[in-house]
Amino acid sequence: MMNNLMPHYNVIVVGAGHAGCEAAMAAANLGSKTLLITLDMQKIAQMSCNPAIGGIAKGQLVREIDALGGMTAIVTDRSSIQFRMLNRSKGPAMWSPRSQCDRMKFSAEWRSVLEKCENLDLFQDNVVSLIIDAGVVKGVVTALGISFSADTVVLTNGTFLNGLMHVGKVSFEGGRISEPSSTGITEQLSEFGFETGRMKTGTPLRIDGRSIDFDKLTIQYGDDDFHKFSYLDSSNKSLKQRPCYIAYTNEEVHNILRTGFDDSPLFNGTIKSIGPRYCPSIETKLDTFSEKNSHHLFLEPEGEDTNEYYLNGFSSSLPWDVQLAALRKVEGFENVKIYRPGYAIEYDYFPPTQLFHTLQTKLIPNLFFAGQINGTTGYEEAAAQGLIAGINAHLFSNDKDMVSLTRSDGYIGVLIDDLVTKGVDEPYRMFTSRAEYRILLRQDNADDRLTPLGKAIGLVSDYRFSVYQDKISKRDSLIEFIKNFSVKASVVNPFLNELSVTPLRQGCKLSELLSRPELTINILCNFITPLKEFIFNSDISDEAVESAEILLKYSGYIEREKLLVDKFSRLENLKIEGKFDYMNIQNLSTEARQKLEKIQPKTLGQASRISGVSPADISVLLVLMGR
């Protein structure tokens, strides 16, 4: 029975991790009366693993979240203690922003943002069940016995569903270290017909920085330029910037670690769930890459003032004494002290093929899943899903058409399409290699791709949209200037000779000169005064200058990829939902019939990406459609 002391909500979000925070903010900012329920309000958006946001492809996700009107990038910039643009030695399609954060300030900043949100209420409790009536969710019930009613519910439970942690032979229940697990929801939804599974992740030990000999480590500073995460001016310049460090394991370290394998839950059968392929534990690395005698370790500060460090690359569930003894054989860590050992955690997830692209569940129309509950790993993947789930929960509760992103719209579209179409057989992590249109899906143009959509949805504010329009207008004016401005060989050749760049034989347009790989707009400004004056007088930002340069230098590749998108969109847009009884199409392979029947793809393009559906099967469907 509902308690009439509590208000009715349009959207209830369960869990205040990265997915839950984005989901709650999106729904509330769009106008839905929203409730965010969390186990501990002191650990909102907790960085339970490494204290960083972004990285390869993950940084693209965060910039897309920002472009759509989400908050992760802004919170990251406000708590950043180091920013780096990764992969700068490669083309711009591979550039990926990454920010080291003050872990405590990140969480505090998120809480501040949530508490200032007008339509958002917070409540600290453990949701133990859903209220389901006639196949529709009506609300949730907490451990305190309080019932909250809602039009829609978004589950973002992270690693808390029946969470079980392991350190060597010691196992104990919990969703994170020193935090209880959550029970009841998995069992209830399983009885309702949802398929469930178990996954595993882990985290390294935390180190007392006072016990490290930093002189023996390789120092790694951040970038000192204009780059940041948000397209808005959200940087906190007052935070002390701190370096990271690189260390290396050795054979002595490996030999000590191997002594604990018999007690390792990964190897003795205690852990039976699926672990991450791309962020493996140190013991998994030794087992999988037995021929390697050294592995990189990255030592990362947990905040601007704390002595606590995170040791990236040393995730482990080995006995604590084995972890510590092995670490003391790493150069620079001979006298190391730790705050706590690493651990592994097992938790429940729901295979994401049970979702639509809107992240709405197929079995219950007003129930949405986002984050690790869908089999993903990483703050960024979770936040991206949370944003989409929150938007669509609001739209659903207001009887409006929901939104979904395609693979050519952004990495968010790739992420969700991979999940709901292919499913997962291990914790899913985003990589640039997963995106077939990555020349179009760059981190620098996420606003150009998605901010108009965010504005149409209602999540992008007038101010944010005006900032976007101003940037694009100034970027385009710079492109036009560079395309139309002519340079004389006699004027620029002396400078080209100084730079050891092949001189011009005759005059040319400035755009032709810029196409040379050795030259950039900033370099050209050093000896082409009209260009420098145009940028200064037009007040064109460094970000807009970089965007213009990428569009000019890579225009041929960009146009070619746009043609590829147009070609494949014809297949993508062929609707097949509800048109076939797959189990009775004998010309399809058995696996294809089973997979197509289970997933029920909306388009032929989605069907073509389902594991087990071959090109021959797609041809059969095309023939049946008269194509």
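Attention in this report is confined to the structure presented alongside it.

Scoring rules and cut-offs
Residues numbered from 1 in each chain as written. Predicted model: local features only at pLDDT ≥ 70, side-chain atom pairs only at ≥ 80, totals over all residues. Heavy atoms only, no water. Helix = DSSP H or I, 4+ residues; strand = E, 2+ residues; numbered from the N terminus. Rg over C-alpha atoms; globule rule 2.2 N^0.38 Å. Buried < 20%, exposed > 50% of the residue type's maximum accessible area, 1.4 Å probe, protein only. Contact = heavy atoms within 4.5 Å. Lys, Arg positive; Asp, Glu negative; His and termini not counted. Charge placed at Lys NZ, Arg CZ, Asp CG, Glu CD. Phe/Tyr/Trp six-rings, centres within 6.5 Å; stacked < 30°, edge-to-face > 60°. Lys NZ or Arg CZ within 6 Å of the ring centre and 35° of its normal. 1 Å grid on protein atoms, 1.4 Å probe; cavity = no way out; pocket = protein on both sides within 12 Å on 5 of 7 lines; lining within 4 Å. Points joined across faces, edges and corners; volume = space filled by probe spheres on them. Nonpolar A, V, L, I, M, F, W, Y, C, P; charged D, E, K, R; others polar. Pairing = 2+ DSSP bridges. Salt bridge = Lys/Arg side-chain N within 4 Å of Asp/Glu carboxyl O. Core = buried A, V, L, I, M, F, W, Y, C linked by side-chain atoms within 4.5 Å. Arc of directions from axis to C-beta.

### Concerning the overall build of the protein chain
Phase 1 of the analysis: Summing up its helical and strand segments, the protein chain has 21 helices and 22 strands in all.
Phase 2 of the analysis: A compact globule built from 627 residues would reach a C-alpha radius of gyration of about 25 Å, and the protein chain, at 26 Å, matches this within 12%.
Phase 3 of the analysis: Seen along its three principal axes, the alpha-carbon backbone of the protein chain occupies a region of about 80 × 70 × 55 Å.
Phase 4 of the analysis: Within the span of the protein chain, comprising 627 residues, buried residues form 57% of the whole.
Phase 5 of the analysis: Nonlocal contacts in the protein chain, meaning residues at least 24 apart in sequence, comprise 73% of its contacts between residues at least 6 apart.
Phase 6 of the analysis: The protein chain carries 67 positive and 77 negative side-chain charges, and their two centres are separated by 3 Å.

### What about the packing of aromatic side chains?
Phase 1 of the analysis: Per the stated rule, a full pass over the model turns up 15 aromatic pairs.
Phase 2 of the analysis: Ring geometry for F83 against F229: centres 5.7 Å apart, planes inclined by 75°, an arrangement best described as edge-to-face. Here F83, found in strand β4 (residues 80–86), pairs with F229, found in the loop between β14 (218–220) and β15 (244–248); they are 146 residues apart in sequence, far enough to count as distant. For the pair formed by F83 and F229, the shared burial category is buried.
Phase 3 of the analysis: Cluster of aromatic residues (ring-pair linked, three or more members): F192, F194, F350 and F369.
Phase 4 of the analysis: Looking at R88, its charged tip hangs above the ring of W95, at a distance of 4.2 Å from the centre.
Phase 5 of the analysis: A cation over an aromatic ring shows up here: R434 above the ring of Y428, its NZ or CZ 4.2 Å from the ring centre.

### Looking at empty space enclosed by the protein
Phase 1 of the analysis: Considering all chains together, one arrives at two cavities of 30 Å³ or more under this definition.
Phase 2 of the analysis: Reported here for the largest cavity is a volume of approximately 60 Å³.
Phase 3 of the analysis: Counted by class, the lining of the largest cavity contains five nonpolar, three polar and two charged residues.
Phase 4 of the analysis: In this structure, the second largest cavity occupies an estimated 30 Å³ of space.
Phase 5 of the analysis: Taken together, K200, G202, L266, S281, E283, S315, S316, S317, Y343 and A344 make up the full set of residues lining the second largest cavity.

### Here's the deal with the pairing of β15
Successive residues of a regular strand alternate their side chains across the two faces of the sheet.
Phase 1 of the analysis: In terms of burial, β15 is a largely internal element, four of the five residues being buried.
Phase 2 of the analysis: In terms of strand pairing, β14 meets β15 through three bridges, oriented antiparallel. For T218, the partnering residue across the bridge sits in β15 and is I246.
Phase 3 of the analysis: Inspection of the sheet shows β15 paired to strand β16 (residues 296–301) by four bridges, in the antiparallel sense. Residue Y245 lies in a different strand from β16, and its bridge partner there is L299.

### Re the pattern of salt bridges
Phase 1 of the analysis: Under the defined criterion, the tally for this structure stands at 38 salt bridges.
Phase 2 of the analysis: The salt bridge partner of K58 is E381, with a shortest N-O separation of 2.8 Å. Placement of K58 in helix α2 (residues 58–68) and of E381 in helix α9 (residues 379–397) is noted, with a sequence separation of 323 residues between them. Considered together, K58 and E381 belong to a single accessibility category, that of buried residues.
Phase 3 of the analysis: Of the charged contacts, one joins R103 and E302 as a salt bridge, the two residues approaching to 2.4 Å between their closest N and O atoms.

### Side note on the side chain of E22
Phase 1 of the analysis: Its location among the elements puts E22 in helix α1 (residues 18–29).
Phase 2 of the analysis: The buried charged residue E22 lacks any salt bridge partner; its closest oppositely charged side chain belongs to R464, at an N-O distance of 8.9 Å.
Phase 3 of the analysis: Beyond its immediate sequence surroundings of up to four residues, E22 is in contact with I65, G70, M71, T72, W110, A383, G386 and L387.

### Remarks on the layout of surface pockets
Phase 1 of the analysis: Considered as a void within the structure, the second largest pocket measures approximately 670 Å³ in volume.
Phase 2 of the analysis: Together, 27 residues line the second largest pocket, and T406, D417, E572, T603 and R609 are the ones closest to its centre.
Phase 3 of the analysis: Top element by residues in the lining of the second largest pocket is helix α18 (residues 555–572). It accounts for five residues.

### Concerning the nonpolar core
Most often, soluble globular proteins have nonpolar side chains that are buried together.
Phase 1 of the analysis: With 106 residues, the main nonpolar core has I12, W110, V153, L155, L189 and L367 as its most contacted residues.
Phase 2 of the analysis: Here the element with the most residues in this core is α9; it accounts for ten residues.
Phase 3 of the analysis: Excluding residues that lie within four positions of it along the chain, L189 makes contacts with L130, I132, L155, F194, F350, I364, L367 and F369.
Phase 4 of the analysis: Formed by 27 residues, the second largest nonpolar core is a distinct cluster that contains C508, L531, I535 and A548.

### Details of helix α21 (residues 615–624)
For an α-helix the count is 3.6 residues per turn, leaving residues at separations of three or four pointing the same way.
Phase 1 of the analysis: Taken residue by residue, α21 has D617, I618, V620 and L621 as its buried positions. One side of α21 carries all its buried residues, which in axial view fall inside an arc of 155°. Exposed and oriented more than 90 degrees from the buried face of α21 are P615, A616 and V623.
Phase 2 of the analysis: Of the surrounding elements, those touching the buried residues of α21 are α19 (590–599) and α20 (604–608).
Phase 3 of the analysis: Just past α21, the residue G626 takes up positive phi, approximately 80°.

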